[in-house]
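Observations on the three-dimensional arrangement
One letter stands for each residue in the lines below.
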There are 2 protein chains.
Amino acid sequence: MADQHHLELLWGDDVPRGRGRPARTTRDEVVAAGMARADAEGLHDLSMRQVAADLGVGVMSLYTQVESRDGLVVLMIDRAFAEVTDTLARRDGEPWRDAAARQARTLWDLYGRHPWILDHGHRMPMAPHVLALEDAFYTPFLDIGLSPAGSANAAIALRSLVTGLARDSRSEQDQVRRTGVGYAEYWSTLNAVFWDRYFDEERYPAMTRLWYAGGFAAEDILAGEGILERAVAAYLDGIAARAHPGRTGQGTGEA
Amino acid sequence: MADQHHLELLWGDDVPRGRGRPARTTRDEVVAAGMARADAEGLHDLSMRQVAADLGVGVMSLYTQVESRDGLVVLMIDRAFAEVTDTLARRDGEPWRDAAARQARTLWDLYGRHPWILDHGHRMPMAPHVLALEDAFYTPFLDIGLSPAGSANAAIALRSLVTGLARDSRSEQDQVRRTGVGYAEYWSTLNAVFWDRYFDEERYPAMTRLWYAGGFAAEDILAGEGILERAVAAYLDGIAARAHPGRTGQGTGEA
DNA sequence: GATCCTTTCAGGACAGTGTATGGAAAGCCC
DNA sequence: GGGCTTTCCATACACTGTCCTGAAAGGATC
């Protein structure tokens, strides 16, 4: 039950113990250094030796501030989510739909700043600011006529939609950054090789139709942020229909 | 451009070269062994040495069939997606909404059988059967009155919704299996420690309200499969409203 | 001010990992 | 039966996270 110790680090008070040799480094400094590394290199290339070197400190010194590498990542995630805790709060008089859409967008932007969060293999940790985000996501769906379980499901699904979309689009940039190959260059060469040599129009008729119809015209359809707003709007329309049966959603109607 | 070599392994013909010492092992066998390991232990604990040992073969012998560990994983993913290629095809007369929902469910079930797919850090590889799934996902949205880009966006978002939900729910079971701690046991002890000691009802009012309203009554709200069907239905309702403006979606209306 | 005590520091070691190297082995073709 | 071509696999290297250990450093106490 390693999570239990994580919980103490995440939630426990930092009781400053005055006796003994003082630590050369704060836990905040370690976490910040880890985030800087992850922002620049990705989670995969984040090593304890690197973080220690960045801080000018021996490797094992990190383990007085952090229980393990996984524990460090958990703390980093909490710190990242802390960036948006205040922004997420629902504003006075803000319609539930606007609040939900704004929160989705905020989470999307957070993933944009810290793509390594999406590489975290395990479930999101029970960290204070992660829970704060979850709580904020539940808020808009509370008093719109859904059952309690329905509200919970709606919020979870919205969060998963944003996360899934972010993964599909951002991990691409992440990989591009790691390999050092530019986005346009990567796609152009890959496409030249791939479409000309391997793609079979009869095998993939839908993609072929979309291709000739210009459906992929944006070149990097995922990189555009329109897809998030559209998907969230469509989903919230469906929720709205369930929330107030008989009324149609307030969607703008644009495709 | 490591992907380029992956492409050859994925799409190139397996030209059987008759000269030279014959390989003791097929590429299919290697990929199958890797999948068995990953199904049982997860992607994180999949090592080349283990796969080689399972096959009774030297470690480096794998590298004649597979370019690298990442290449092996890519082939494994393609093989996993091949399981559903036939199932995904749209059936005669099947309404687009039913087809999309069925495909979403099929992908969800695939993630259930092979949760390690969700641990793949990079973008989904351009593999034949991965493309087949993407193509199938595009199909239902083609002739329902959306713009080409709108159809593409709708299909991508649906796929991301399923993937995101699967990650949020399945990675949990994955971690539970790895740590060997049972699902119920894990949650009960964690919850006992967490809720009693750390959770602050004033800090997380929405979760608190949902808790007392029974919104989390299912105990493992994510493990239930209802959340997928509900989320997909809501999203497709929103798409339907955009596809045929003026008509309301065919949602069942249940919360 | 010296001593004890508690805590952190950091070097070395260990069990892993993916994979480059290079000589030995094994089967087809002439 | 060579010659050629391909595969096999032991070894080695760089790298990882983390345990162990004794030394170092500062506060508390006499």
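Residue numbers run consecutively from 1 along every chain, following the written order of its sequence. Each chain takes a letter, starting from A, and each ligand takes a number, starting from 1, following the order in which they are written. It should be noted that, the model being predicted, local features are given only for residues of pLDDT at least 70 and side-chain atom pairs only at 80 or more, the latter also being counted only at that level, while totals for whole chains, interfaces and linings use all residues. Side-chain numbers come from the whole structure's heavy atoms, not from hydrogens or water.

1. Notes on the overall build of chain A
When helices and strands are counted, chain A shows 11 helices and zero strands. Numbered from the N terminus, helices here are DSSP runs of H or I no shorter than four residues, and strands are runs of E no shorter than two. Taken from N to C terminus, the helices and strands of chain A fall in the order α-α-α-α-α-α-α-α-α-α-α. Any two residues whose heavy atoms approach within 4.5 Å at even a single point are treated as in contact. Taking contacts inside chain A between residues at least 6 apart in sequence as the whole, the part at least 24 apart equals 72%. Of the roughly 11700 Å² of accessible surface on chain A, 50% is carried by carbon and sulfur atoms. With residues, only the protein chains shown are counted as cover, and all accessible areas are computed by Shrake-Rupley using a 1.4 Å probe.

2. Looking at the protein's contact with DNA strand D
We call a residue near a given molecule or strand whenever any one of its heavy atoms falls within 4 Å of it. DNA strand D sits among 27 residues. The nearest are Arg-49, Tyr-63 and Arg-69 of chain A together with Arg-24 and Met-60 of chain B. The contact atoms of DNA strand D, taken as those within 4 Å of the protein, divide so that sugar and phosphate hold 61%. Two N or O atoms count as a polar contact when they lie within 3.5 Å, although within protein this holds only if one can serve as hydrogen donor and the other as acceptor, and sequence-adjacent residues are included solely when both atoms are side-chain atoms. Between DNA strand D and Met-48 of chain A, the relevant distance is 3.1 Å, taken from a phosphate oxygen to a main-chain nitrogen or oxygen of the residue. Thr-64 of chain B has a polar side-chain atom sitting 3.1 Å from a phosphate oxygen of DNA strand D. Following the grouping adopted for this structure description, the nonpolar residues are Ala, Val, Leu, Ile, Met, Phe, Trp, Tyr, Cys and Pro, the charged ones are Asp, Glu, Lys and Arg, and the polar ones are all others, Gly among them. Residues belonging to the surface near DNA strand D are distributed by class as follows: 10 nonpolar, nine polar and eight charged.

3. Description of helix α3 (residues 48-55) of chain B
Residue and element names in this part refer to chain B. Those residues of α3 not exposed but buried are Met-48, Val-51 and Ala-52. Seen end-on, α3 carries its buried residues on one side only, within an arc spanning 100°. Among the exposed residues of α3, those oriented more than 90 degrees off its buried face are Arg-49 and Ala-53. The secondary structure elements touched by the buried residues of α3 are α2 (27-41) and α4 (69-82). Once α3 ends, the next one or two residues include Gly-56, with phi positive near 65°. Burial classification: accessible surface area is computed with a 1.4 Å probe over protein chains only, and a residue below 20% of its type maximum counts as buried, one above 50% as exposed, and the rest as partly exposed. The arc under discussion is defined with respect to the helix axis, by the directions toward the C-beta atoms.

4. Let's talk about the protein's contact with DNA strand C
In the region of DNA strand C, 26 residues are neighbours, and Arg-24 and Gly-58 of chain A together with Arg-49, Tyr-63 and Arg-69 of chain B sit closest. Backbone atoms, meaning sugar and phosphate, form 64% of the atoms of DNA strand C found within 4 Å of the protein. Here Gly-58 of chain A contributes a backbone N or O atom positioned 3.0 Å from a phosphate oxygen of DNA strand C. At 3.1 Å, a side-chain N or O of Ser-47 of chain B approaches a phosphate oxygen of DNA strand C. Classifying every residue of the surface near DNA strand C gives 10 nonpolar, eight polar and eight charged.

5. Examining helix α6 (residues 96-113) of chain B
Taking 1.5 Å of rise per residue, 18 residues should cover 26 Å, and α6 of chain B covers 26 Å from first to last C-alpha, within 8% of that figure. Within α6 of chain B, burial applies to Trp-96, Arg-97, Ala-99, Ala-100, Arg-102, Gln-103, Ala-104, Thr-106, Leu-107, Trp-108, Leu-110 and Tyr-111 of chain B. Expected helix span is taken as 1.5 Å per residue step, with the number of steps being one fewer than the number of residues.

6. What to know about the side chain of Gln-103 of chain A
All names here are of chain A. Mapped onto the secondary structure, Gln-103 falls in helix α6 (residues 96-113). Classification of Gln-103 by relative accessible area gives buried; the value is 1%. Contact partners of Gln-103, with chain neighbours within four places excluded, come to Leu-88, Ala-136, Phe-137 and Pro-140.

7. Regarding the nonpolar core
What we call a nonpolar core is a set of buried Ala, Val, Leu, Ile, Met, Phe, Trp, Tyr and Cys residues that are connected through their side-chain atoms within 4.5 Å. Judged by nonpolar contacts, the single largest core of 154 residues is most densely connected at Phe-141 and Tyr-235 of chain A together with Phe-141 and Tyr-235 of chain B. Not counting chain neighbours up to four residues away, the residues in contact with Tyr-235 of chain B comprise Ala-231, Ala-234 and Tyr-235 of chain A together with Asn-153, Ala-154, Ala-157, Leu-158 and Leu-161 of chain B.

8. Considerations on the pattern of salt bridges
All names here are of chain A. When a carboxyl oxygen of Asp or Glu is within 4 Å of a side-chain nitrogen of Lys or Arg, the pair counts as a salt bridge. Applying the stated criterion across every chain yields a total of 22 salt bridges over all chains. A salt bridge links Arg-37 to Asp-54, with the nearest nitrogen and oxygen atoms 2.7 Å apart. Taken together, the residues Arg-37 in helix α2 (residues 27-41) and Asp-54 in helix α3 (residues 48-55) connect sequence positions 17 residues apart. Of the residues examined, Arg-37 reaches a relative accessible area of 18% and is grouped as buried. Among the ionic pairs, Asp-109 bridges to Arg-105, the shortest N-O distance being 3.1 Å. Of this pair, Asp-109 and Arg-105 both sit in helix α6, four residues apart, which is roughly one turn of that helix.

9. Some remarks on the UniProt feature "DNA-binding region" (unreviewed entry) in chain A
UniProt positions are given in the numbering used here, feature names are shortened, and annotations may be inferred rather than shown by experiment. The positions UniProt marks with the feature "DNA-binding region" (unreviewed entry) are residues 47-66 of chain A. Overall, residues 47-66 of chain A shows 40% helix and 0% strand. The separation of its end C-alpha atoms is 13 Å.

10. Considering the environment of Val-130 of chain B
Residues and elements named next belong to chain B. Note that Val-130 resides in helix α7 (residues 128-138). By relative accessible area, which is 1% here, Val-130 ends up buried. Measuring from C-alpha to C-alpha, the distance between Val-130 and Ala-82 comes to 7.7 Å, with 48 residues separating the pair along the chain. Those residues in contact with Val-130, other than ones at most four positions away along the chain, are Ile-77, Asp-78, Phe-81, Met-124 and Pro-125.

11. Here's the deal with the confidence of the model for chain A
All names here are of chain A. pLDDT measures the predictor's confidence residue by residue and takes values from 0 up to 100. Model confidence for chain A is summarised by a mean pLDDT of 82, while 80% of its residues fall at 70 or above. The secondary-structure element of chain A with the lowest mean pLDDT is helix α1 (residues 2-11), recorded at 65, while helix α4 (residues 69-82) shows the highest, at 95. Here residues 246-255 is a poorly scored stretch, pLDDT under 50, and it has 15 contacts once near neighbours within four places are set aside; other chains count.

12. Considering the packing of α2 of chain B against α3 of chain B
Residues and elements named next belong to chain B. Following both chains from N to C, one finds α2 and α3 inclined at 115°, their axes separated by 9 Å at the closest point. With respect to each other, α2 and α3 are oriented roughly perpendicular. Of the two elements, α2 crosses α3, and the hand of that crossing is right-handed. Contacts between α2 and α3 involve Glu-29, Val-30, Ala-33, Gly-34 and Arg-37 from the former and Gln-50, Val-51, Asp-54 and Leu-55 from the latter. Axes, fitted as lines to C-alpha atoms, cover a helix only where it is in contact. Angles between the N-to-C directions of the axes lie from 0 to 180 degrees. Throughout, the term roughly parallel applies to angles under 35 degrees, roughly antiparallel to angles over 145, roughly perpendicular to angles from 65 to 115, and oblique to all others. Crossing handedness is read from the near helix: turned anticlockwise from the far helix by less than a right angle, it gives a left-handed crossing, and turned clockwise, a right-handed one.

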